[in-house]
Amino acid sequence: MWSTAPFYQSRGTMLRMEWELHTREEPGALLTSALWWAGPGLRMISSAILGGGIGTREWVLNAQVPGGYSRTDPDVHLTELAASHGLLGPGVGLMTAAHVAGIVRRRDEGVEAAATVGLRVPTWAAAPVGAVDRELAPVVRTDHPYRPGTINIVVSVPVALTDAALVNAVATATEAKTQALLEVGYAATGTASDAVCIAAPLDGLPEPFAGPRSEWGARIARAVHSAVHAGATTDARLRSAAVS
């Protein structure tokens, strides 16, 4: 378990993400959740099913679920899991079948990225009309012992960002993720269930840009690229070992 003390200081210093790891038992599985108690004073943008959008948020929960997850109310499930951890106030809830205990953290000049990477069904974003994506269906195979899916990315930036810059940061993180996957050897932009969350302080003069060639966008890109590259490399190795 890592320390949970929130840490953020003046402009440009590290907004440190300290993650707690928790385990829970579900039928036939021991599952891990990663929890960041971010505390007050932050706003986040996220595509998460729980706490998505733009607004003030105080925590991030990245919960592992079984590879054959079939509940149709993931927002309710995440709310239940958050309550089980004593989480109060607004927060962000993410789900993944990836190995959450293997969360990868990378830093770049004040920016920190944390990623859980599972590529059970890597896919291209633009697919032909009517294409069936197995990532959206329950897993029915029982002969493959390693089948995590979903890439969840959480990024902390130590400076305030405008709404436009927050949106730009999501795009930058997604581009960096795709670059990392291609470099590792996956012919894919990600999986169909990937999610991202960017956190930044409320206070301070907001930065207007977060594209990959802006000061903070470049740092976001490098941190995310490094985290996803490492996670995808490990995932590919485990997947190869499982079928060998």
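See the structure printed just above.
Residues numbered from 1 in each chain as written. Predicted model: local features only at pLDDT ≥ 70, side-chain atom pairs only at ≥ 80, totals over all residues. Heavy atoms only, no water.

A.B. asks: Where do I start with the overall build of the chain in this structure?
C.D. replies: If you tally the helices and strands in the chain, you get three helices and 10 strands. Looking at the chain as a whole, 50% of its 244 residues qualify as buried. In the chain, of all internal contacts separated by at least 6 residues, the share reaching a separation of at least 24 is 75%. Total accessible area computed for the chain in this model is approximately 11100 Å², and 58% of it derives from carbon and sulfur atoms. (Helix = DSSP H or I, 4+ residues; strand = E, 2+ residues; numbered from the N terminus. Buried < 20%, exposed > 50% of the residue type's maximum accessible area, 1.4 Å probe, protein only. Contact = heavy atoms within 4.5 Å. Areas by Shrake-Rupley, 256 points an atom, 1.4 Å probe, with all protein chains shown as cover.)

A.B. asks: What exactly am I supposed to notice about the nonpolar core here?
C.D. replies: Side chains of nonpolar character tend, in soluble globular proteins, to be buried together. Ranked by size, the top nonpolar core spans 34 residues in total, and within it Ile-153, Val-155, Val-157, Ile-198, Ile-220 and Val-224 carry the most contacts. Elements with a minimum of two residues in this core: β8 (111–119), β9 (149–156), α2 (163–184), β10 (195–201) and α3 (215–243). Not counting residues up to four positions away in its chain, the partners in contact with Ile-198 are Arg-43, Met-44, Ile-45, Val-155, Val-157, Leu-166, Ala-169, Val-170 and Ala-173. Met-17, Met-44, Leu-94 and Val-154 belong to the second largest nonpolar core, which has 19 residues in total. (Core = buried A, V, L, I, M, F, W, Y, C linked by side-chain atoms within 4.5 Å.)

A.B. asks: I tried to follow the sheet that holds strand β5 (residues 59–64) on my own but got confused; where do I start?
C.D. replies: Across the sheet, four strands lie side by side as β1-β2-β5-β6; this open sheet has mixed pairing. Only two strands of the sheet have a single partner each, and these edge strands are β1 (19–26) and β6 (92–96). When strand polarity is set aside, the average angle formed by the axes of neighbouring strands in this sheet is 20°. In the sheet, β1 pairs with strand β2 (residues 29–37) via eight bridges, with the strands oriented antiparallel. Bridge assignment links Glu-26 to a residue of β2, and that residue is Ala-29. Here helix α1 (residues 74–84) sits on the sheet in contact with β1, β5 and β6, set at roughly 110° to β5. (Pairing = 2+ DSSP bridges. Axes fitted to C-alpha atoms, helices over the stretch in contact; angles between N-to-C directions.)

A.B. asks: Just checking my understanding: could you explain the pattern of salt bridges for this structure?
C.D. replies: Pairing is possible between side chains that carry opposite charge, provided their charged atoms lie close to one another. This model, assessed by the stated rule, comprises 13 salt bridges. Notably, a salt bridge pairs Asp-73 with Arg-71, separated by 2.9 Å at the nearest N-O pair. On the basis of relative accessible area, Arg-71 is assigned to the partly exposed category, the value being 34%. For the salt bridge of Arg-105 with Glu-112, the shortest nitrogen-to-oxygen distance reads 3.0 Å. Bridged by salt links that share partners, the residues Arg-16, Glu-18, Arg-105, Arg-107 and Glu-112 form one connected network. (Salt bridge = Lys/Arg side-chain N within 4 Å of Asp/Glu carboxyl O.)

A.B. asks: Could you clarify how one ought to interpret the pairing of strand β4 (residues 53–56) in this entry?
C.D. replies: For a regular strand, side-chain orientation follows a simple rule: the groups alternate between the two sheet faces. Here strand β3 (residues 42–46) runs beside β4; their pairing, made up of four bridges, is antiparallel. Looking at β4, one finds that Met-44 is bridged to Gly-55. Connecting β3 to the next strand, β4, in antiparallel fashion are six residues, including Gly-51 with a positive phi near 75°.

A.B. asks: Would you mind showing me how to read the packing of aromatic side chains here?
C.D. replies: Geometrically, a pair of aromatic rings is defined through the distance of the ring centres and the angle of the planes. What the rule picks out here adds up to one aromatic pair. With centroids separated by 6.3 Å and ring planes inclined at 45°, the aromatic side chains of Trp-19 and Trp-36 adopt a geometry described as tilted. In this pair, Trp-19 sits in strand β1 while Trp-36 sits in strand β2, placing the two residues 17 residues apart along the sequence. Each member of the pair Trp-19 and Trp-36 is classed as buried. (Phe/Tyr/Trp six-rings, centres within 6.5 Å; stacked < 30°, edge-to-face > 60°.)

Everything listed here is a matter of coordinates, which is why it stays silent on function.
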